[in-house]
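Chain by chain, the residues run as shown.
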Amino acid sequence: MPVRRGVVIGLSALGGFALTVLWSAPFVDKVIGDGVTSAILGHEAAEAPMTSALAGIAFAFASGLGGTFTACNIAALGAVAPLLGQQRSLRSRFAQTLPPLGWLAAGMAAVSAVYGVVAALFGTHLPQYSTATASSGLSPRLVQSMVVFGVIGLILCYLGLAALKIVKDPLEGVERRFPHIRSLVMGLLIGAFLIGRPFGLYRQLFRDVADSGNPLYGAFAFVTQSLGNIVVLAVVFLLLSVAAGGRVQRWITAKPGRAAVITASAFLVAGVFTFLYWDVRLLARTGVIWYPTITWY
């Protein structure tokens, strides 16, 4: 078992590292993120007028969906694997799929709403509002991103190691009393993505919320943005659980420890990618260190 754990950790870390080397932010942010958002809105996203709260909320959802595969959100897809561990009958499969998604959305909405209120009241003084650049390559908003996503990356790595029982699982005791605690925690982490997100269209929304000074609008807009972020995650989870559910769950539970390996791998790949991309690769912009990248777009 120690050897197997080492293999899982090594391959997962290698996968997360390889993803940071191959990742092209211009392609993902501009081509996919801006492209999807513009297609939903029916006009160029960067020129989208937010002349009312309703227009701002529509922009929030569209940009949230468009930003699904950006580097500041891709770790959310790591939440799918931990939700698949239980075998379900065909009749109850759909019904049992909804509570994990509901608790994930609840945790996400709680953090997003609170940060939306903070952005509306104090946003003009926060780094995410600033358009300043720095000669070092790290603007104030990127420093905020490094801190937030660095912490999130380390938490995901810890949860991955806990799934392999290498470190103490902080959720194990709580889970006996509250079975959906893991979904809630993943929701809290996904909601926290907004606190560090430097995605251009999100900052466009952030500045609009900050300029409005309206806490209610800020809460609704940020919750809507986060909901857009998890639409693809929810669809993937529903397809795996309902459409192919029986086969997927039978395969996961066929061997002891397989569910733990899948969960750990998902967390570790997402965690290693998030930490290396936002703390190590970003630090390379300053010239202090070197980090390998492949420029393909």
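Residues numbered from 1 in each chain as written. Predicted model: local features only at pLDDT ≥ 70, side-chain atom pairs only at ≥ 80, totals over all residues. Heavy atoms only, no water.

**Observations concerning the packing of aromatic side chains**
The relation between two aromatic rings is expressed through the spacing of the ring centres and the mutual angle of the planes. Applying the stated criterion across every chain, the model contains 13 aromatic pairs. Residues Phe149 and Trp278 carry aromatic rings whose centres are separated by 4.9 Å and whose planes lie at 20 degrees to one another, so their mutual orientation is stacked. You can see Phe149 sitting in helix H5 (residues 140-163) and its partner Trp278 sitting in helix H12 (residues 258-283), a full 129 residues away along the chain. One exposure class covers both Phe149 and Trp278, and it is buried. Aromatic side chains Tyr277 and Trp278 sit 5.1 Å apart centroid to centroid with 75 degrees between the ring planes, which places their arrangement in the edge-to-face category. When the ring centre of Tyr202 is taken as origin, the NZ or CZ atom of Arg197, which lies over that ring, is 5.9 Å away. The side chain of Arg207 reaches across the aromatic face of Tyr129, ending 4.1 Å from its centre. (Phe/Tyr/Trp six-rings, centres within 6.5 Å; stacked < 30°, edge-to-face > 60°. Helix = DSSP H or I, 4+ residues; strand = E, 2+ residues; numbered from the N terminus. Buried < 20%, exposed > 50% of the residue type's maximum accessible area, 1.4 Å probe, protein only. Lys NZ or Arg CZ within 6 Å of the ring centre and 35° of its normal.)

**Quick look at helix H2 (residues 25-41)**
Within H2, the full set of buried residues consists of Val28, Gly33, Asp34, Thr37 and Ser38. Check the buried side of H2 and you find it contacts helix H3 (53-66) and helix H8 (200-212). Positioned one or two residues after H2, Gly42 has a phi angle of 90 degrees, which is positive. (Contact = heavy atoms within 4.5 Å.)

**Observations concerning the nonpolar core**
Ile152, Leu156, Ile190, Leu205, Val209 and Phe222 are the most contacted members of the largest nonpolar core, which has 58 residues in total. Elements with a minimum of two residues in this core: H3, helix H4 (93-122), H5, helix H7 (181-196), H8, helix H9 (215-229), helix H10 (231-243) and H12. Here this core takes nine residues from H7, the largest share from any one element. Other than its neighbours up to four places away in sequence, Leu205 contacts Met50, Gly56, Phe59, Ala60, Tyr217, Ala221, Phe222 and Gln225. Listed in part, the 11 residues of the second largest apolar core include Val261, Leu268, Val272 and Leu276. (Core = buried A, V, L, I, M, F, W, Y, C linked by side-chain atoms within 4.5 Å.)

**Here's the deal with unusual backbone geometry**
Phi is mostly negative for residues that are not glycine, and the peptide bonds are mostly trans. The backbone phi angle of Lys165 is positive, close to 65 degrees, even though this residue is not glycine. As for its position among the elements, Lys165 is in the loop between H5 and helix H6 (172-177). For Lys165, a relative accessible area of 62% translates into the label exposed.

**So, the layout of surface pockets**
The calculated volume of the second largest pocket comes to roughly 570 Å³. If you trace the second largest pocket, you find 25 residues lining it, with Ala25, Asp29, Leu142, Pro198 and Arg285 closest to the centre. Grouping the amino acids of the lining of the second largest pocket by side-chain chemistry returns 13 nonpolar, five polar and seven charged. (1 Å grid on protein atoms, 1.4 Å probe; cavity = no way out; pocket = protein on both sides within 12 Å on 5 of 7 lines; lining within 4 Å. Points joined across faces, edges and corners; volume = space filled by probe spheres on them. Nonpolar A, V, L, I, M, F, W, Y, C, P; charged D, E, K, R; others polar.)

**Description of the confidence of the model for the protein**
Overall, the prediction assigns the protein a mean pLDDT of 85, with 88% of residues at 70 or greater. Confidence scores differ between elements of the protein, with helix H11 (residues 245-253) showing the lowest mean pLDDT of 66 and H9 the highest of 94. (pLDDT = per-residue confidence, 0-100.)

**Here we look at the packing of H2 against H3**
Here H2 crosses H3 at 140 degrees, and the two axes come no closer than 7 Å. On the basis of the axis angle, H2 is oblique to H3. Crossing of H2 over H3 shows right-handed handedness. Facing H2, whose interface residues are Ile32, Gly33, Val36, Thr37, Ile40 and Leu41, H3 presents Ala58, Phe59, Ala62, Ser63, Leu65 and Gly66. In terms of residue class, the contact of H2 with H3 is made up of eight nonpolar, four polar and no charged. (Axes fitted to C-alpha atoms, helices over the stretch in contact; angles between N-to-C directions. Parallel < 35°, antiparallel > 145°, perpendicular 65-115°, else oblique. Left-handed = near helix turned anticlockwise from the far one by under 90°.)

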